Amino acid sequence: MSSSYYPGLENVIASETAISYLDVEKEEIVVRGYDLIELAQNVTYLDVAGLLLEGSLPDADERNKLEERIKWEYGLPQNICSILRLLPKKTDLMDVLRTGISALASYDEELEDRSKEANTRKAIRLLAKVPQLLANGYQAITEQAFVEPRDDLSYTANFLYMITGQVPSKMEETIFDQSLIVYSEHEMPNSTFAARVIASTQSDLYGALTGAVASLKGNLHGGANEAVMEMLLEAGSDEGLETLMLSKLARKERIMGFGHRVYMKKADPRALLMKDALDALALEKNRSDLYTMCVVGEELMKREKNLHPNLDYYAAPVYYLLGIPIDLFTPVFLAARTIGVSSHVMEQHAHNRLFRPRVHYTGPRNLHP
Ligand SMILES: CC(=O)SCCNC(=O)CCNC(=O)[C@H](O)C(C)(C)COP(=O)(O)OP(=O)(O)OC[C@H]1O[C@@H](n2cnc3c(N)ncnc32)[C@H](O)[C@@H]1OP(=O)(O)O
Ligand SMILES: O=C([O-])CC(=O)C(=O)O
């Protein structure tokens with residue numbers, strides 16, 4: 001047996017995949033042959049969802065059919081709405097989502113069918129229901145009336161509408177759509193790995209996604225976008241942010257929204273796209289101070305630690321200006337990533353090898369009772 005041990009599986013190749021690849025040298029996120037940033041600049045989230053599910057970009061007709069199929073699946077079972085209302089009001093929104101997705105499994109007639117066709121239909125159901133789950137979950141926890149989906153709006157406009165209760169402007173819709181695309185898929189992060197590990201026992205898509213939600217909640221992963229916004233609000237100004245960041249660094253604390261296991265000392269291309277989006281949105285909303293503050297923080301981290309922002313750093317203030325409550329930033333990330341995780345689960349089911357690694361044992365031996 002090989003004795004190689006890589007803590008955190010750093011740089012270990014865990015799977016073959018035809019879904020995506022981070023080409024750090026070329027600063028490209030390859031998604032089924034396309035550059036993710038180019039996709040975000042040229043097509044919609046539903047096009048990317050079709051690409052991830054089927055392997056090729058849908059034409060206009062295929063895209064419309066996909067949208068129709070998703071809209072047909074809008075709505076939550078009444079019992080799921082009751083579960084949301086019954087949860088304690090202090091429940092974290094990622095835990096609400098984890099419970100909701102897990103409970104939704106019981107209502108899917110095809111839960112145990114692992115065929116590509118059935119898994120595709122389940123992924124479409126999840127695309128339809130997860131945004132509503134997080135919006136209505138938030139409304140349950142904050143004791144507000146549920147906002148129901150509207151099928152006269154685009155998928156993305158409806159997603160934002162269910163959260164804020166307002167129909168977004170064209171600019172807000174476009175920026176939110178771009179954010180969903182850049183969050184949709186990213187090779188083998190902890191959450192996708194967790195989902196593939198679960199799927200490798202031939203467990204079902206809902207179970208694998210439930211595991212991914214638990215993974216994504218953590219601050220070192222998806223939870224960072226909420227922590228970034230809390231830091232920016234606590235800082236309040238350029239000087240405040242410099243003081244806060246320097247004091248965190250002096251205490252050897254991590255600054256959320258910076259660094260990345262794969263990009264390391266290189267820029268995350270998604271962060272650059274969201275930085276431009278923030279610039280435009282902040283101008284529109286008379287909040288260029290927020291953009292400037294973020295740039296001050298970026299420059300400080302480059303100077304002090306030679307670290308670049310990751311996607312969460314610039315997505316956080318974008319979501320804030322879109323009127324999304326901070327508690328929903330990570331759930332929105334999860335909703336966008338649902339399609340990426342679903343594609344990985346389908347690929348795992350199609351080319352399966354059970355994940356079962358070994359350990360480097362450091363405990364005692366030869367003890368006797
Ligand atoms: C969309 C996403 O999910 S992206 C990830 C979002 N997460 C965050 O933003 C959380 C903050 N970032 C981090 O904690 C890390 O950069 C991670 C977890 C993302 C990657 O971490 P790792 O690959 O394990 O990097 P590692 O911990 O080895 O860090 C290398 C060095 O950079 C430092 N470092 C890395 N990130 C940060 C940070 N955000 N703030 C301060 N220092 C940092 C480490 O302290 C370490 O320094 P040292 O060598 O002097 O000890
Ligand atoms: O790739 C990672 O490790 C984390 C990340 O950026 C993502 O999931 O989008």
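Calculation notes
Residues numbered from 1 in each chain as written. Chains lettered and ligands numbered in written order. Predicted model: local features only at pLDDT ≥ 70, side-chain atom pairs only at ≥ 80, totals over all residues. Heavy atoms only, no water. UniProt positions renumbered as here; feature names shortened; annotations may be inferred. Buried < 20%, exposed > 50% of the residue type's maximum accessible area, 1.4 Å probe, protein only. Helix = DSSP H or I, 4+ residues; strand = E, 2+ residues; numbered from the N terminus. Contact = heavy atoms within 4.5 Å. Pairing = 2+ DSSP bridges. Near = heavy atom within 4 Å. Polar contact = N/O pair within 3.5 Å; in protein donor to acceptor, adjacent residues only side chain to side chain. Areas by Shrake-Rupley, 256 points an atom, 1.4 Å probe, with all protein chains shown as cover. Nonpolar A, V, L, I, M, F, W, Y, C, P; charged D, E, K, R; others polar.

Per an unreviewed UniProt entry, the protein is named Citrate synthase, and its organism is Paenibacillus planticolens. Per its UniProt entry, the protein bears the Sequence similarities (unreviewed entry) comment "Belongs to the citrate synthase family." Taken verbatim from the UniProt record of the protein, the Catalytic activity (unreviewed entry) comment is "oxaloacetate + acetyl-CoA + H2O = citrate + CoA + H(+)".

Participant: Explain helix H7 (residues 155-164) here, please?
Facilitator: An α-helical segment advances 3.6 residues per turn. Residues three or four places apart therefore align on the same side. Counting buried residues along H7, nine of its ten residues qualify, which places the element largely inside the surrounding structure. Of all the residues in H7, the buried ones are Tyr 155, Thr 156, Ala 157, Asn 158, Phe 159, Leu 160, Tyr 161, Met 162 and Ile 163. Each element contacted by the buried residues of H7 is listed here: helix H2 (45-54), helix H3 (60-72), helix H6 (116-141), helix H8 (170-184) and helix H16 (329-350). Looking one or two places after H7, you find Gly 165, whose phi comes out positive at around 80°.

Participant: What is the right way to read the sheet that holds strand E1 (residues 20-23) from this model?
Facilitator: Sheet strands pair by backbone hydrogen bonding; their relative direction is either parallel or antiparallel. In space, the three strands of this open sheet follow the order E1-E2-E3, with antiparallel pairing throughout. For this open sheet the edge positions go to E1 and strand E3 (34-35), each flanked by a neighbour on one side alone. Judged from the four bridges that link them, E1 and strand E2 (residues 28-31) form a sheet pairing that is antiparallel. Looking across to E2, one finds that Tyr 21 is bridged to Val 30.

Participant: What's the story with the site of ligand 2 in this structure? I'm lost.
Facilitator: With respect to spatial proximity, the complete set of residues near ligand 2 consists of His 186, Pro 189, His 221, His 260, Arg 270, Phe 333 and Arg 337. Contacts to ligand 2 include His 260, whose side-chain N or O atom sits 2.8 Å from an oxygen atom. In the model, an oxygen atom of ligand 2 is placed 2.8 Å from a nitrogen or oxygen of the Arg 337 side chain. Protein burial of ligand 2: of its 270 Å² of free accessible surface, 83% is covered by the chains. Classifying every residue of the shell around ligand 2 gives two nonpolar, three polar and two charged.

Participant: Sorry, what's going on with the pairing of E2 here?
Facilitator: A regular strand places its side chains so that they alternate between the two faces of the sheet. Side chains of E2 alternate between two faces, with Ile 29 and Val 31 buried and Glu 28 and Val 30 left unburied. Between the end of E1 and the start of E2, which pair antiparallel, lie four residues, with Glu 27 showing a positive phi angle near 50°. In textbook terms, the turn of a hairpin is the stretch between consecutive antiparallel strands, and for E2 and E3 this stretch comprises two residues, one of which, Arg 32, has a positive phi near 45°.

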